[in-house]
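Residue-level structure breakdown
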Amino acid sequence: MMKKILTLILFTILLPLSAQKPVVWVISDGGENINDPDDISAIASYLLMSNNFDTRAIVMASTSHHWNKDTPDQGKWAQETYGKAYAADLPNLNKYIGGYQKEIRFMESSVKGQGENFRWDKSYDLKNYPSILALYKELDKSNEIINVLCFGPLTEQAILVSYCVAHNRTDILNKIRFISHWTSSNFHVGTIKNPEHTHNCFGDPIACDYIKKMALNGRFKFYECGGIGQYGIVEQAQKGKAYYDLFTESQLGTIFRNGKFNKNRVDDSDCATYWALLGNYGVSLNDMADNGLNYPEVEQRNEAAFALHAKEMRNELLRRSNAAAGYDPSAIKVDIMVPEHGMADPHAWVENDTLWFICGHDKSWEPQGSFPMDRWEIWSSSDLRTFKYHNSIHPKDLYIGDKPNCWAGDITKRNGKYYWFFSNRNINTGVAIADRINGEYKDLLGKPLLPKDIVPEHPYDPEIFEAEDGQYHIIFGVGKYYMSTLAEDMKSLESEPKLVPIQYEDGKEFRSEDKPTLFKRKEKYYLVFGARYAMSDDLYGPYTFKGAFLSGGHTSFFDWHGQKYVLQENHDICAFFRGASLKPVFFNPDGTIRIPKSDSWYPGPGRPFKFDNSTMGWKALRGSNVYMNNGVLAGKITEPKALIQSAPWLFTNTEGLSKITIKIRNNSYANHLKLAVYSRNMDGDFWRNATDPVDWSTQEWISVPISSNDTEYQTYTISLSKFKQVNEKLMQIAIQPAVNTYNGTWEIDEVIVE
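Once a new chain begins, its residue numbering starts again from 1 and follows that chain's sequence as written. pLDDT decides what is reported in this predicted model: residues at 70 or higher carry local features, side-chain atom pairs at 80 or more are listed and counted, and totals for whole chains, interfaces and linings draw on all residues regardless. Note that water and hydrogens are dropped before the side-chain values are worked out from all heavy atoms of the structure.

The first and last C-alpha atoms of helix α4 (residues 130-141) sit 16 Å apart over 12 residues, in line with the 16 Å expected at 1.5 Å per residue. Exposure categories follow from relative accessible area, calculated using a 1.4 Å probe and restricted to protein chains: below 20% of the type maximum is buried, above 50% is exposed, and the middle band is partly exposed. Secondary structure elements follow DSSP: runs of H or I no shorter than four residues count as helices, runs of E no shorter than two count as strands, and numbering proceeds from the N terminus. Of all the residues in α4, the buried ones are Ser-131, Ile-132, Ala-134, Leu-135, Tyr-136, Glu-138 and Leu-139. To estimate the expected span of a helix, subtract one from its residue number and multiply by 1.5 Å.

Structure (structure tokens):
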């Protein structure tokens, strides 16, 4: 018993020690219109990560350049800029991540604009340097190591060290750990011969020399990152305005994004200091010398290690920025639930901590006619990440007969029985019954529950809503929706169908589309149709149109562990061979639906073809065959004008797209390939003749020089601006992979439209 008590006491003592955060003091040469704005982004990214640290202060404008002397107080600017942003984001950061300090102290550097570099022979009085005195006092009272992150020149640090040396405060120096960004580099600006020739040392070379020599003599610990923040993180992380614009939903994320965005990425290279201190992303302080030396092989190794984690680090910042904006980072999102399967019209049901869903199955990625769907499939998931197939419902077992008419429906349960309400194409609606959710389902009526003449609109795409009073209601239609109360037998209507009015804010009538879905939240009813929605105080309306919903097609809603989710149809392969996404749904304070900037209609933006599982609908039209070969699309050439094409009806928005990249290995003597795109505008005839084949002889072809008889894959980029006209929707792509050759083979690893 005594042994257990002692173990418990020891655990109680050691637990806080093991959970202790590194103490940090940041010294930056950045500020409002002062020096390189990369520090602006770096401090914002530090604040997003700052729950990992015990931050004592952030010092701004630590630069002695005389032209900065008369600039506004940078401590006050930082408080107005970072302080307010941090305060605004703090509640959500602590709600979803936790461990963030209540406030952060900002101050202006005492050396700002002093016009004088550090001097070895000068006797410094810290009373004349309030920011340095503040750090000195923090060190003096601390029982812990203080990690000083150095984002710029080392003037301030040198004055502190000089004072401690002059006053024999070895105890203070023993508690300092400097972690410096780019005050030495063997490869970037600096050289192996002169590693100190870097921008941060140019700012005060004497201070830099003094600090390095004192560290080399063992006066204190000094860790040199070199250029690994710039070339290991910044240059290897994600590129593109679209990605970094995702940060602008939070206030700290916005400062990070806008601080220094150039060359198609955010530059916060000073971040290497805190990532190394954190030590979880390939580089830690144990990977650096502690005496200020920056060995070439060490810098090279650390740069490569950071490069491997650069995208992961950026995504972690984005996760935190989204959390700060109010998006629960633990919410699950799945872009494509079952890839390349033809899963459409998903309908959700949650029972016993299991998500069940029934979805239609697209018959082919090259259909004859519009939206042929040959069955409904029953799937489940216990974690919202992995999905298991159980059974199918076939139209031949219902009144439909053996026809590919398996359009959208909905699943519900009443009195211990499961009911599958299904569309017979856009003609009518029936209902099937089963004892178990995974079937077998039997036709309950043998005829439509909603015959085609029951209302003026096509009576299909049903949605079932269980009201709080126990009544079940069915809503259906296209353009205009109708709703009825279902009888308890679930095979008849208790009330006549009633028009569900939808209107604009000004009261004018709104005309919707097919497949309505309903849910209730906090006394408000939400009527969602595709990528738009309306709200009402009453189930039967009138509903007021609110605008855009999440991007995608037909929807079905469910609750999972306190989070609202939607299953939403996407265009996995094309508009006729679809997939399903799983997305969390978030709300604004007024109850309207909040659309994350990261939301997109999968697989957009753009259209990637990566042949991991299948040919993705690509086929040969002439002069070649098409087959899968170890995860690539391949073919054997039999005539000079070999032609392959993608699946039709890609239905990809072209706005914002600029290029097509083809990664190919040409195993022939051909020295050109050709590319054509077929695009259309969304005019009144858009859906007519939907599946007519494209006559590629009438399309514009772009010729691309390529290498012959490749041993490795080669990548070729074709600008969409080379085409005379690209319309609103990209519908199909065609490639002549090897022009003017009678034999040989080709292998395409990927085709990316972006």
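Still more to cover.
The next point concerns the packing of helix α5 (residues 155-166) against helix α8 (residues 205-216). In the contact formed by α5 and α8, the axes pass within 9 Å of each other and the chain directions differ by 50 degrees. With respect to each other, α5 and α8 are oriented oblique. Like other packed secondary-structure pairs, α5 and α8 cross with a definite hand, here left-handed. Contact with α5, carried on its side by Thr-155, Gln-157, Ala-158, Val-161, Ser-162 and Val-165, involves Ala-207, Tyr-210, Ile-211 and Met-214 of α8 and no other residues of that element. Within the contact of α5 with α8, the residues separate by chemical class into 7 nonpolar, 3 polar and no charged. A fitted line through C-alpha atoms represents every axis, and for helices the fit uses only the stretch in contact; the resulting angles, taken between N-to-C directions, go from 0 to 180 degrees. Angles below 35 degrees are treated as roughly parallel, those above 145 as roughly antiparallel, those between 65 and 115 as roughly perpendicular, and all remaining angles as oblique. Handedness of a helix crossing follows the sense of rotation of the near helix relative to the far helix, less than a right angle counterclockwise being left-handed and clockwise being right-handed. In what follows, a contact means two residues having at least one pair of non-hydrogen atoms within 4.5 Å. Under the scheme applied, nonpolar residues are Ala, Val, Leu, Ile, Met, Phe, Trp, Tyr, Cys and Pro; charged residues are Asp, Glu, Lys and Arg; polar residues are all the others, including Gly.

Take the layout of surface pockets next. Cavities and pockets were defined on a 1 Å grid built over protein atoms only: a cavity is a set of grid points that admits a 1.4 Å probe from which the probe cannot escape, a pocket is an open set flanked by protein on both sides within 12 Å along at least five of seven lines, and lining residues are those with an atom within 4 Å of any such point. Grid points are joined across faces, edges and corners, and a volume is the space filled by probe spheres set on the points. In this structure, the second largest pocket encloses a volume near 720 Å³. Phe-371, Glu-513, Asp-514, His-554 and Trp-687 are the residues nearest the centre of the second largest pocket, which is lined by 28 residues in total. Elements with a minimum of two residues in the lining of the second largest pocket: β13 (406-414) and β27 (563-574). Residues that form the lining of the second largest pocket fall into these classes: 11 nonpolar, 9 polar and 8 charged.

A few words on the side chain of Ser-679. Looking at where Ser-679 falls in the secondary structure, it is placed in strand β38 (residues 672-680). Look at Ser-679 and you get buried, because its relative accessible area is 9%. Distance and chemistry together define a polar contact, namely a pair of N or O atoms within 3.5 Å, with one atom able to donate a hydrogen and the other to accept it when in protein, and with adjacent residues in sequence counting only for side-chain atoms on both sides. At a separation of 2.8 Å, a polar atom in the side chain of Ser-679 contacts the main-chain amide nitrogen of Asn-727. Those residues in contact with Ser-679 that lie beyond four places of it in its chain are Gln-725, Val-726, Asn-727, Lys-729, Leu-730 and Met-731.

Of all the 5 residues making up strand β5 (residues 176-180), 4 are buried; the element is thus mostly covered by neighbouring parts of the structure. For two strands to be treated as a pair, DSSP must find at least two bridges joining them. Where β5 meets strand β6 (residues 221-224), 4 bridges bridge the pair, whose relative direction is parallel. Its bridge partner lying in β6, Ser-180 is registered against Glu-224.

Turning our attention to the pairing of strand β34 (residues 632-636). With 4 of its 5 residues buried, β34 lies for the most part within the structure. Turn length for the strand β33 (residues 627-629)-β34 hairpin, with the two strands adjacent in sequence and antiparallel, is 2 residues, and the turn residue Asn-630 shows positive phi of about 55 degrees. Across 4 bridges, the pairing between β34 and strand β42 (residues 745-753) is antiparallel. Residue pairing in the sheet places Ala-634 in a bridge with Glu-747 of β42.

Turning to the nonpolar core, a few remarks are in order. Definition used in this section: a nonpolar core is a set of buried Ala, Val, Leu, Ile, Met, Phe, Trp, Tyr and Cys residues joined via side-chain atoms within 4.5 Å. Core analysis: the largest hydrophobic core is formed by 64 residues, its most contacted members being Trp-376, Tyr-441, Trp-618, Ile-662, Ile-733, Ile-735 and Ile-748. Residues contacting Ile-662, with those up to four places away along its chain left out, are Leu-673, Leu-675, Gln-714, Thr-715, Tyr-716, Ile-718, Ile-735, Ile-748, Glu-750 and Val-751. Residues Ile-40, Trp-77, Ala-272 and Tyr-274 belong to the second largest nonpolar core, which totals 57 residues.

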